[in-house]
Each structure stands twice: as C-alpha cells, then as structure tokens.
Amino acid sequence: MSPAEGAPEATAWIDAGRTAGEVEVSNSRAAECLSVVPGCDHRCQCRLIDCRQLLRWGNALATIPVQKRQAQDPDSSVPRLVTVVDRVLEGDVVLPKFQRNFVWTRQQILDLLDSVARNYPIGSILLWQSTEQLASERTVAGLTVGEHRHGYPVNYILDGQQRLATICGALHWAPDGDAESNWNIVYDLEEQAFRHTDTLEDPPAHIIPVRLLSNGFLFANRASKLGSADLQERAAELYNRFSNYQIAVVTLRGMPSTEVAKVFERINSTATPLTVVDLMRAATWSPEFDLKDEIDELLEVLSRKQYGKVDTKTMLRTISAAAGFGFSREDMNQLRHLSKDELEEAVKAAVEASKLAVDFLTTHVRTPRATALPYYNQFAVLVEIFRQVPKATAAQYDAIERWFWLTASGEYFKGWNARQMADDREAVHSFASGRTDEIEVSAGVPRSVLWRRNQFRATNAPSKLLGLLLAEAHPLDLRNGRRIDTDKALSWQNDKEFHHFFPKSFLKKQGLNVSQANVCANLIMLSSVSNIAISDQPPSVYLKDLCETQGKDTIRKRLATCLIEEDAFEAALRDDYEGFLRARSETLHKRLMELIGSPATGAQEHVVVPDDGESGGRDTDEPIDRDSAD
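Residues numbered from 1 in each chain as written. Predicted model: local features only at pLDDT ≥ 70, side-chain atom pairs only at ≥ 80, totals over all residues. Heavy atoms only, no water.

A. Inspection of the overall build of the protein at higher detail. Helix and strand counts for the protein come out as 26 helices and 14 strands. Of the accessible surface of the protein, which amounts to about 28,500 Å², a share of 47% is contributed by carbon and sulfur atoms. (Helix = DSSP H or I, 4+ residues; strand = E, 2+ residues; numbered from the N terminus. Areas by Shrake-Rupley, 256 points an atom, 1.4 Å probe, with all protein chains shown as cover.)

In structure tokens, the structure reads:
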C-alpha cells in the first residue's frame with residue numbers, strides 16, 4: 001500500500017507561504033511528504049508536526065476563506081537536506097545571534113551522519129522569514145557564510161542549528177593543517193561506519209573522507225578506485241543517500257521579532273537541553289538587546305583584571321540579583337519581564353560590583369584567578385554584597401573575609417538550592433543595612449578530618465581551599481628557600497606546583513594505594529626541581545639530608561610556611577604517615593578556623609563528605625557551575 005493510500009484524508013497540500021488567493025493543492029506533494037521515511041508510520045522528520053497533521057491542516061485550511069487566514073500560518077516543505085545546507089552557506093538561511101554556540105559532542109556528530117546514511121528521521125528545521133535585519137553569525141561550523149542579498153527577506157534558523165551546522169561542517173570542511181578538527185570525519189565502507197580521524201594523510205581506498213560527499217566529481221573519482229563491486233555499490237548508496245535525503249522545513253512568516261524569541265524558547269525545551277542562560281537570552285532578546293553581549297561585558301571586567309572566567313550562569317545570577325530578584329532559577333526567569341532599560345541598568349550595576357568583588361578576591365583573599373575559587377557561586381554572592389556595600393568599612397571587609405572562608409570550607413555551596421539562595425540574599429541585605437555585623441549563613445564549621453578524607457583534585461573545592469590556605473601562608477621551597485609562585489599554582493592549569501610530602505611511590509611500597517596517598521593533607525607547594533630531587537625518597541631520608549645541609553631550624557621555618565608544624569615534622573622523620581596526616585590536618589584546621597573567626601549564628605560542626613563526584617575531567621575549557629542544585 002502506498003503512503004497516499006494509507007492516508008485517505010490526504011487530499012490536499014496547502015502552500016501557506018503563498019500570497020492571499022494563491023492556494024495550491026497537490027496530492028503528489030502530500031504523498032511525497034508521507035514517503036520521506038519508509039516505515040515511519042506516516043511520521044516525517046518534523047518534531048513539531050507529523051505528516052498526517054500537516055495534511056489535516058491543509059484540508060482544514062482549504063475550507064477557510066482566504067481573507068480570514070493569518071499571516072503566521074506556517075509554510076511547510078520537504079526539500080533535500082543538501083539544498084538547505086547550500087542556502088546556509090549562501091547566506092539565505094542565517095543563524096540569529098540569540099542562538100547558542102555549537103554544543104554537540106563528537107559522538108552526536110557521528111550519530112547524525114549515521115542517521116542520514118540509514119535514512120533515519122533527524123527532526124525538522126524551523127525557519128523564521130522576516131524583512132527585519134537582525135544581528136546574525138557570519139560563520140557556521142567554522143565556515144564563512146555568504147552575504148545576504150540586500151532587499152530580500154531573511155530566513156533565520158529557530159530550530160535545527162546543531163544539525164545544519166553538523167552537515168555543513170562534515171560535508172564542506174576544508175583541511176588547513178587542523179587534523180584534530182571535529183569535521184575531520186571519514187566513512188569506512190567495509191565497516192559501514194563514520195569515525196573521526198586525526199590525520200590529513202590520504203586514507204586507504206575503502207575509507208572515504210566525508211567532505212567528498214559535497215563534490216560529486218571528487219567522490220566519483222575516489223569511488224572508481226575501489227576494487228570491489230560491493231564497495232562501489234556501498235559508495236554509490238552513501239552518495240545518493242546524502243544527495244537525496246529530504247528533511248521537513250517549516251517556515252514562519254509575518255511574525256514580529258518580539259514573538260520569535262518566545263517561539264525559540266518553547267521549541268527548545270526538548271532535544272539537547274538549553275541552559276538557563278540560553279533560555280533567558282532568547283526570552284529577553286530584541287534587536288536592541290542581547291543578553292549574551294551583556295554577560296560578555298561582565299566577563300570582560302574579569303578579563304581586564306586578568307582574573308580569568310566565571311561560568312555564564314553565575315554571571316546571570318549577578319544580573320538577576322542586581323535587578324532586585326535573587327540568585328535562583330525562578331529569580332532569573334523574572335528577567336523576561338524587564339524592559340531593555342531595566343535590563344541594562346541591572347547589568348551596569350553588576351559590572352561595577354564585579355570590579356569591587358575581583359579587587360577583594362585578589363587583595364584580601366589572594367585568589368589570582370577565578371579558577372582558584374572553591375565555588376563559582378561565591379562570586380555571585382560577593383558581587384551582590386559589593387553592589388549593596390560599595391564602600392565597605394574595615395570591619396565590613398573583615399566580616400566578608402570570614403564569610404568567604406566559612407562558605408568555602410563547609411560545602412555550603414555544594415548543592416546550593418533556592419531556599420539557601422533566598423536566605424543568602426536576605427543575609428546580604430541585613431548586613432548591608434547594618435542590622436547584622438556578620439553575613440549570617442547556615443554553613444557548617446568543618447572538622448579537621450576534611451583534609452585526610454578528601455582526594456586532591458584540581459576540580460574539587462577542598463583542594464582549592466588547600467591551595468588558598470597555602471598561598472595565604474606565603475610558602476617557601478623546602479630545598480632552596482625561595483618563595484613559591486602561588487599565582488602560578490592557583491591558576492590550576494596544571495598541578496605541577498603541588499607535590500606529595502610522602503611520595504606516592506614510597507607509600508605504594510608500604511602497601512598504601514593511590515587514593516590513600518592522594519589526600520589533601522599530604523600535599524604541599526613545591527617547585528618541580530625540588531620535587532625531582534626528592535623523587536621517591538621517604539621523608540626520613542630527604543628531610544634528614546636537608547637538615548644536615550641547611551640546618552634543622554631553617555627547615556622547620558620553611559615547613560611552617562607550608563603549614564607543617566612540629567608534630568607533623570617529627571612524624572615525617574619517623575615515616576609515620578598516619579601520624580603526619582593527623583598532625584597536618586590539625587594545623588590546616590587551626591589556620592582555617594583562625595580565618596573563619598567566630599562562627600556565624602547557627603553554624604554547626606560539619607564533616608565534609610569525600611568529594612569524589614567532581615573527579616571527572618572537563619569536557620570543555622569553559623568554566624562550569626557543577627555545584628548548585630538550582
């Protein structure tokens with residue numbers, strides 16, 4: 001049974017994009033749509049509508065007088081995918097600025113190509129056609145797109161950016177010495193699978209660079225070199241599939257830009273999830289205001305002060321708080337109700353407060369980079385503190401320092417939720433208005449066990465807290481007595497300035513595993529040269545050598561700057577690892593409690609749970625809020 005026979009109601013196709021009175025009815029077009037994906041039970045690739053619904057719309061619209069139809073009625077078509085891609089590269093279909101960046105992983109890229117090769121549905125494309133000239137991206141997948149023809153309507157991509165960018169990049173990428181590119185993809189005809197490759201050398205004949213699919217002559221020349229008739233047939237099938245694959249395209253016309261961002265926000269509630277920043281950018285976007293540009297302005301404040309980056313959600317929290325709402329997702333959602341002027345005023349306030357927050361962090365806490373912060377959300381609250389207290393007194397600065405060390409140590413910001421955010425906003429307001437002398441939060445006071453239970457990793461808060469405590473003590477190198485470059489260590493680009501006081505290889509010989517050796521209490525700041533000299537020697541050996549050559553009192557003083565006091569020193573001379581960990585942990589705890597001072601009202605002792613959940617590496621160089629629950 002043909003698709004058309006399977007849908008007797010399919011008697012008309014309405015081309016809603018025609019001008020009034022020019023309605024086309026075409027059963028053949030209806031049948032074409034229904035047969036896009038064999039065996040799909042009459043569902044085309046469109047995630048917004050299915051084939052039957054589209055045809056029902058057509059039948060219904062056919063009975064409505066033309067003069068009553070709305071300008072926003074969608075126009076649906078099923079062109080070839082490569083035709084849509086060509087329109088993107090020619091500048092006829094463009095990416096508006098309020099869209100997010102390309103975020104797909106390599107596996108998602110390969111999965112999409114495989115879906116096309118197998119004729120699986122990949123979803124529809126939604127376009128908005130308008131005469132409004134909006135800011136748009138000039139590149140897609142690293143490819144420069146053509147200039148749009150002046151005087152013609154522009155087709156903006158509302159849904160389908162990641163898919164179109166993937167096909168553009170995979171088919172039209174031109175190698176330029178970048179073998180590691182996401183678009184350096186090949187198809188293995190023998191395994192019938194797509195994969196990334198890291199070389200620009202010509203592969204064996206049965207492995208075809210995907211970029212050749214955009215050039216029939218080059219592809220045919222390549223396929224002609226295949227010795228097997230079966231492989232040639234597979235190559236022809238691959239080329240024909242990409243050349244003829246059809247995709248549903250829905251075009252909205254006559255819709256004002258104020259409504260388009262709302263459409264974008266709603267249709268992107270599925271598939272690859274949008275972040276709250278993406279959603280708020282779309283919800284607040286207008287030709288005169290782009291939230292991304294405003295957040296970039298905030299990040300530029302950090303850049304000018306050489307402070308690095310904070311994640312964009314944290315920066316959005318600062319804007320939301322400055323607007324008078326708060327830090328939570330619900331608070332950030334309220335930004336959609338503000339006017340352009342109100343939004344710009346909130347950004348301006350956040351910018352000025354961010355400058356003060358960075359100055360405080362670099363001078364009072366000595367965090368040279370944002371990456372040194374135990375929790376990024378501390379920055380959001382600090383910005384709000386300095387927005388409400390732009391001219392802090394010496395006593396207020398002391399209180400803010402105590403708040404920082406307390407919230408950095410007790411896992412307060414791990415799992416930061418909406419209730420805590422509301423309480424924090426109220427605590428800041430009470431502090432700023434003079435009702436309280438401290439920023440009163442319900443953070444627990446840590447115990448010394450924190451340092452011997454938590455693994456040392458660049459991504460977890462206890463490790464960063466250790467780095468700040470050591471930097472605050474101005475550590476000296478054990479062998480040469482020179483000041484350790486703590487700024488370099490706290491950049492966390494690598495952990496080469498941190499070394500195990502009891503070498504891991506030595507502890508392994510004592511029957512201890514890597515986790516037992518890699519606890520925070522066993523780490524100090526040490527130059528790479530000194531670490532190499534110490535190598536795998538037990539402390540009883542290398543400390544004795546240092547004491548004999550440089551004097552025991554000198555080594556004691558250098559150890560004190562590394563927060564290693566007499567009890568820990570004596571334990572190390574006996575190679576007593578457990579004794580060393582207990583003594584060192586007490587010293588670290590003592591110094592931390594001195595910085596916290598008198599606990600805020602309601603604070604209780606808190607045992608920090610081992611922070612294994614943050615052990616994974618980053619998938620991106622961009623900072624990410626891994627802590628908040630909202």
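So that's the structure; there's more coming.
B. Highlighting the sheet that holds strand S7 (residues 185–188). As summarised here, the arrangement of the 3 strands in space is S8-S7-S9, forming an open sheet in which the pairing is antiparallel. In this open sheet, the two edge strands, each paired with only one partner strand, are strand S8 (193–196) and strand S9 (207–209). On average, adjacent strands in this sheet sit at an angle of 30 degrees to one another, irrespective of strand direction. Pairing of S7 with S9 involves 3 bridges; the strand directions are antiparallel. Counterpart to Tyr-187 in the pairing with S9 is Ile-208. Contacting S7 and S8, helix H4 (residues 106–117) runs over the sheet at an angle of about 155 degrees to S8. (Pairing = 2+ DSSP bridges. Axes fitted to C-alpha atoms, helices over the stretch in contact; angles between N-to-C directions. Contact = heavy atoms within 4.5 Å.)

C. Seen up close, the pairing of S7. In S7, alternate side chains face the same way, and those of Ile-185 and Tyr-187 on one face and Val-186 and Asp-188 on the other are all buried. Where S7 hands over to S8, the hairpin turn is made up of 4 residues, of which Gln-192 adopts a positive phi near 55 degrees. (Buried < 20%, exposed > 50% of the residue type's maximum accessible area, 1.4 Å probe, protein only.)

D. Structural context of the sheet that holds strand S3 (residues 125–130). Strand order across the open sheet formed by 5 strands is S1-S10-S3-S6-S2, with mixed pairing between neighbours. Each edge of the open sheet carries a strand with a single partner, namely strand S1 (75–77) and strand S2 (93–94). Helix-sheet contacts for helix H5 (residues 161–172) involve S3 and strand S6 (154–159), and the interaxial angle to S6 is about 110 degrees.

E. View of helix H15 (residues 394–409). If you check H15, its first and last C-alpha atoms are 23 Å apart, about what 16 residues at 1.5 Å a residue would give, namely 22 Å. Residues of H15 that are buried: Gln-396, Ala-399, Ile-400, Glu-401, Trp-403, Phe-404, Trp-405, Leu-406, Thr-407, Ala-408 and Ser-409. A positive phi of about 60 degrees marks Glu-411, the residue just after H15. (Expected span 1.5 Å × (residues − 1).)

F. Representation of the packing of aromatic side chains within the structure. All told, the structure shown has 21 aromatic pairs when counted by the stated rule. Between the aromatic rings of Phe-194 and Phe-242, the centroid separation amounts to 6.1 Å while the plane-to-plane angle is 70 degrees, which identifies the pairing as edge-to-face. With Phe-194 in strand S8 and Phe-242 in helix H7 (residues 229–244), this residue pair connects regions lying 48 residues apart in the sequence. Accessibility assignment for this pair places Phe-194 and Phe-242 in one class, buried. When the centroid spacing of 6.4 Å and the interplanar angle of 40 degrees are considered together, the rings of Phe-502 and Phe-506 count as tilted. Using a relative accessible area of 0% as the deciding quantity, one classes Phe-502 as buried. Sitting over the face of the ring of Tyr-376, Lys-464 holds its NZ or CZ atom 5.9 Å from the ring centroid. (Phe/Tyr/Trp six-rings, centres within 6.5 Å; stacked < 30°, edge-to-face > 60°. Lys NZ or Arg CZ within 6 Å of the ring centre and 35° of its normal.)

G. Representation of the nonpolar core in the model. With 115 residues, the main nonpolar core has Phe-379, Leu-382, Phe-404, Trp-405, Trp-451 and Phe-501 as its most contacted residues. If we ignore the near neighbours within four places in the chain, the residues touching Phe-501 are Leu-478, Asn-522, Ile-524, Pro-539, Tyr-542, Leu-543, Leu-559, Ile-564, Ala-572 and Phe-580. Core analysis: the second largest hydrophobic core is formed by 48 residues, Val-85, Leu-110, Ile-208 and Leu-212 among them. (Core = buried A, V, L, I, M, F, W, Y, C linked by side-chain atoms within 4.5 Å.)

H. Geometry of unusual backbone geometry. For Asn-119, which is not glycine, the phi dihedral falls at a positive 65 degrees. You can see Asn-119 is positioned in the loop between H4 and S3.

I. How the structure looks around the pattern of salt bridges. Tallying each qualifying case throughout the model produces 24 salt bridges. For Glu-237, the salt bridge is made with Arg-241, and the minimal N-O distance between the two is 4.0 Å. Taken together, the positions of Glu-237 and Arg-241, both in helix H7 and 4 residues apart, correspond to about one turn of that helix. We classify Glu-237 as partly exposed; its relative accessible area is 47%. Glu-426 serves as the salt-bridge partner of Arg-435, at 3.0 Å between the closest nitrogen and oxygen. Arg-435 gets classed as exposed once you look at its relative accessible area, which sits at 51%. Each member of the salt-bridge network shares a partner with another, and the members are Asp-553, Arg-556, Glu-566 and Glu-570. (Salt bridge = Lys/Arg side-chain N within 4 Å of Asp/Glu carboxyl O.)

J. Quick peek at the side chain of Arg-558. Following the sequence through the fold, Arg-558 ends up in helix H24 (residues 552–561). Within the buried set, Arg-558 has no salt-bridge partner at all; the shortest N-O distance to an opposite charge, 6.4 Å, is to Asp-477. When neighbours within four sequence positions are excluded, Arg-558 is seen to be in contact with Leu-476, Asp-477, Leu-478, Arg-479, Asn-480, Gly-481 and Gln-550. (Lys, Arg positive; Asp, Glu negative; His and termini not counted.)

K. Molecular detail of the environment of Thr-587. When you line up the elements, Thr-587 lands in helix H26 (residues 577–596). Each C-alpha atom of the pair Thr-587 and Glu-565 lies 7.0 Å from the other, and the pair is 22 residues apart in sequence. Beyond its immediate chain neighbours, meaning those up to four positions away, Thr-587 contacts Leu-563 and Glu-565.

L. Main features of helix H14 (residues 377–388). Taking 1.5 Å as the rise per residue, H14 with 12 residues should run 16 Å; its terminal C-alpha atoms sit 17 Å apart, in good agreement. Most of H14 is tucked away, with 10 of its 12 residues classed as buried. Listed in full, the buried residues belonging to H14 are Asn-377, Gln-378, Phe-379, Ala-380, Val-381, Leu-382, Val-383, Glu-384, Ile-385 and Phe-386. Packed against the buried residues of H14 are helix H10 (291–304), helix H11 (312–322), helix H13 (340–363), H15 and helix H16 (418–433).

M. Structural context of the confidence of the model for the protein. Averaged over the protein, the pLDDT score is 81; the fraction of residues at 70 or greater is 79%. Counted against residues more than four places away or in other chains, residues 599–620, with its pLDDT under 50, gives 51 contacts. (pLDDT = per-residue confidence, 0-100.)

N. Main features of the environment of Val-519. One can find Val-519 in the loop between helix H21 (514–517) and strand S13 (523–525). Assessed through its relative accessible area of 5%, Val-519 is described here as buried. C-alpha of Val-519 to C-alpha of Arg-453: the two residues are 66 residues apart in sequence and 6.4 Å apart in space. Beyond its immediate sequence surroundings of up to four residues, Val-519 is in contact with Trp-451, Arg-452, Asn-454, Gln-455, Tyr-577 and Leu-581.

O. Main features of the pairing of S8. The alternating pattern of S8 places Phe-194 and His-196 on a buried face, while none of Ala-193 and Arg-195, on the opposite face, is buried. The pairing of S7 with S8 spans 4 bridges and is classified as antiparallel. Across the sheet, the residue bridging to Val-186 is Arg-195, located in S8.

P. Summary view of the packing of H15 against helix H18 (residues 461–472). It is the contact of H15 with H18, at a shortest axis distance of 9 Å, that shows an interaxial angle of 145 degrees. For H15 against H18, the interelement crossing comes out left-handed. On H18, the residues touching Phe-404, Trp-405, Ala-408 and Ser-409 of H15 are Leu-465, Leu-468 and Leu-469. Of the residues that constitute the contact of H15 with H18, the class distribution is 6 nonpolar, 1 polar and no charged. (Left-handed = near helix turned anticlockwise from the far one by under 90°. Nonpolar A, V, L, I, M, F, W, Y, C, P; charged D, E, K, R; others polar.)

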